[in-house]
Amino acid sequence: MTIRITPIRTGSVRIKTAQKQRKPGGTLRVLFDQKWTAWLPILAWLIEHPEGPIVVDTGETARTVESGYFPKWHPYYRWAVQMDVKPDEEIGPQLDKLGVQPDEVRTVVLTHLHTDHAGGLHHFPKSKIFVDGNEYHAAKGFAGKLQGYLPHRWPAWFDPIAISLAPRAFGPFARSFHLTKAGDVTVVPTPGHTPDHISVIVRIDGVAFFLAGDTSYTENLMVAQETDGVSPSPGLAQITLEKILAFARQRPLVYLPSHDPESANRLLSKQIVLESSELRGAASKIEV
Ligand SMILES: [Zn+2]
């Protein structure tokens, strides 16, 4: 059995243009920006692997249409984000259609705990769920809510396994964690969008498929080394983007952020970062 990655689009999200790409004023600017992006996909990923199916992120839930699902007092939910998810777009029914029962999913790994990545958790009561331990800690309780996490929406049984990133370098990343015995599905730290955001790298036939979560909203923004408008530490986000680009220079890499409208096509056509001359031109202006 070969490894296969399938994108699962769990509906759509709209954010402000000042979130997609950081502008002067940063996070505050996001709230007052009048300009919305187009509707963007909310992607999760199924990795069919000889050791059992792995799901990366769980997408969003259709419950977001319920009044009061998002905290009305929170300025971000009030002014800066809109979701559109139909019940049959949730990850459970979509896995079903792909012939994979959610109960059969051995491992779920979350890049971070924002609602559009953790909203489908209720489909996986039987899976081992991996999250960075510090990310989980930061997202809990009222402090988590203030930062825009929705811990009160997690299933009552949610008790994730903390990923312990070993001090074992993987490309430019100083720490890593293998999710499979074969060592072909690897978690690396990609802090920035959240302080303990992680990404998942799947290696198939010499190509690294980089399931990037929200390290950037598009490949172009990563190549241009442009951070987003909501990262609590843009400096950290910048270093992460530098590492991803350095990694793409070391080996063939397909870059797959969760909200890039081109991610699914790039996966299908195995489009390698920096293969197009336009991207090479943009990246050559950047010192890494
Ligand atoms: Zn996020």
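Structure's up top.
The present account deals with the structure reproduced in this document.

### Regarding the coordination of the zinc ion
Piece 1. Distances from the zinc ion to its protein donors, namely His112 (NE2), His114 (ND1), His193 (NE2) and Asp214 (OD), fall within the range 2.2 to 2.3 Å.
Piece 2. Of note is the zinc ion, whose 4 donor atoms meet at the metal with angles of 87 to 175 degrees in an arrangement that counts as irregular.
Piece 3. Motif for the zinc ion, donor spacing along one chain: H-x1-H-x78-H-x20-D. Of this pair, His193 sits in the loop between β9 (185-189) and β10 (198-204) while Asp214 sits in the loop between β11 (207-213) and α8 (219-223), and the two are 21 residues apart along the sequence. Taken individually, His193 and Asp214 each receive the classification buried, so the pair is uniform in this respect.

### Regarding the pairing of strand β6 (residues 128-132)
On any regular strand, side chains alternate: one points to one face of the sheet, the next to the other face.
Piece 1. Most of β6 sits inside the fold, with 4 of its 5 residues counted as buried.
Piece 2. By the bridge criterion, 3 bridges tie strand β5 (residues 107-109) to β6 in an arrangement that is parallel. The residue bridging Val109 from the neighbouring strand is Phe130, located in β6.
Piece 3. Inspection of the sheet shows β6 paired to strand β7 (residues 161-163) by 3 bridges, in the parallel sense. Looking at β7, one finds that Asp132 is bridged to Ile163.

### What to know about the packing of aromatic side chains
Piece 1. Taken as a whole, this structure holds 13 aromatic pairs when the rule is applied.
Piece 2. Ring centres of Phe130 and Phe177 lie 5.9 Å apart, and the angle between their planes is 45 degrees; this geometry places the pair in the tilted category. In this pair, Phe130 sits in strand β6 while Phe177 sits in strand β8 (residues 177-178), placing the two residues 47 residues apart along the sequence.
Piece 3. Under the relative-accessibility criterion, Phe130 is labelled buried at 11%.
Piece 4. In this structure, Lys16 packs its charged tip against the face of Trp36, placed 5.0 Å from the ring centre.

### Structural notes on the nonpolar core
Piece 1. By size, the foremost hydrophobic cluster in this structure holds 26 residues, and its most contacted members are Val109, Val187, Val200, Val202, Phe209 and Leu211.
Piece 2. Of all elements in the fold, only β2 (40-48), β3 (54-56), β9, β10, β11 and β12 (253-257) reach the threshold of two or more residues within this core.
Piece 3. Per-element tally for this core: the top contributor is β10, with 4 residues.
Piece 4. With near-sequence residues (within four places) excluded, Val109 lies in contact with Ile54, Val55, Val56, Asp57, Phe130, Ile163, Leu179, Val187, Ile198 and Val200.

### Description of the sheet that holds strand β1 (residues 4-15)
Piece 1. Sheet architecture is open: 7 strands sit in the order β4-β1-β2-β3-β5-β6-β7, paired in mixed fashion. Taken across any chain shown, the strands that pair with only one partner, and hence form the sheet edges, are β4 (81-84) and β7. Here the average twist between neighbouring strands, direction ignored, is 30 degrees.

### Here's the deal with the sheet that holds β9
Piece 1. If you trace the 5 strands from one edge of the open sheet to the other, you get β8-β9-β10-β11-β12, paired in mixed fashion. With one partner strand each, in any of the chains shown, β8 and β12 form the two edges of the open sheet.

### Some details on the side chain of Ser127
Piece 1. Its location among the elements puts Ser127 in the loop between α5 (115-118) and β6.
Piece 2. The buried category is assigned to Ser127, whose relative accessible area is 12%.

### Points about a nonpolar patch on the surface
Piece 1. On the surface, Trp73, Phe142 and Leu146 cluster together into a nonpolar patch covering about 360 Å² of accessible area.
Piece 2. Residue placement: Leu146 occurs in helix α7 (residues 141-146).

### Here we look at unusual backbone geometry
Piece 1. Backbone geometry at Asp57 places phi at a positive 65 degrees, although glycine is not the residue there.
Piece 2. Structurally, Asp57 can be placed in the loop between β3 and α3 (75-79).
Piece 3. Its relative accessible area of 1% is what places Asp57 among the buried residues.
Piece 4. Look at Asp205: it is not a glycine, yet its phi comes out positive at around 50 degrees.
Piece 5. Mapping Asp205 onto the fold places it in the loop between β10 and β11.

### Thoughts on the pattern of salt bridges
Piece 1. With the rule as written, the count across this model stands at 6 salt bridges.
Piece 2. One salt bridge connects Asp103 with Lys126, and the closest N-O pair in it is separated by 3.3 Å. Note that Asp103 is positioned in the loop between α4 (91-97) and β5 and Lys126 in the loop between α5 and β6, a separation of 23 residues in sequence.
Piece 3. Note that Arg266 and Glu219 form a salt bridge whose closest N and O atoms lie 3.2 Å from each other. In this pair, Arg266 is assigned in helix α10 (residues 263-268) and Glu219 in helix α8, connecting sequence segments 47 residues apart.

About the criteria used
- Residues numbered from 1 in each chain as written.
- Predicted model: local features only at pLDDT ≥ 70, side-chain atom pairs only at ≥ 80, totals over all residues.
- Heavy atoms only, no water.
- Donors = N, O, S within 2.8 Å, 3.2 Å for Na, K, Ca; no water.
- Tetrahedral: all angles 85-135°; square planar, octahedral: opposite > 155°, others 65-115°.
- Helix = DSSP H or I, 4+ residues; strand = E, 2+ residues; numbered from the N terminus.
- Buried < 20%, exposed > 50% of the residue type's maximum accessible area, 1.4 Å probe, protein only.
- Pairing = 2+ DSSP bridges.
- Phe/Tyr/Trp six-rings, centres within 6.5 Å; stacked < 30°, edge-to-face > 60°.
- Lys NZ or Arg CZ within 6 Å of the ring centre and 35° of its normal.
- Core = buried A, V, L, I, M, F, W, Y, C linked by side-chain atoms within 4.5 Å.
- Contact = heavy atoms within 4.5 Å.
- Axes fitted to C-alpha atoms, helices over the stretch in contact; angles between N-to-C directions.
- Patch = residues over 30% accessible without salt bridge, like charges linked within 9 Å, V, L, I, M, F, W, Y side chains within 5 Å.
- Areas by Shrake-Rupley, 256 points an atom, 1.4 Å probe, with all protein chains shown as cover.
- Salt bridge = Lys/Arg side-chain N within 4 Å of Asp/Glu carboxyl O.

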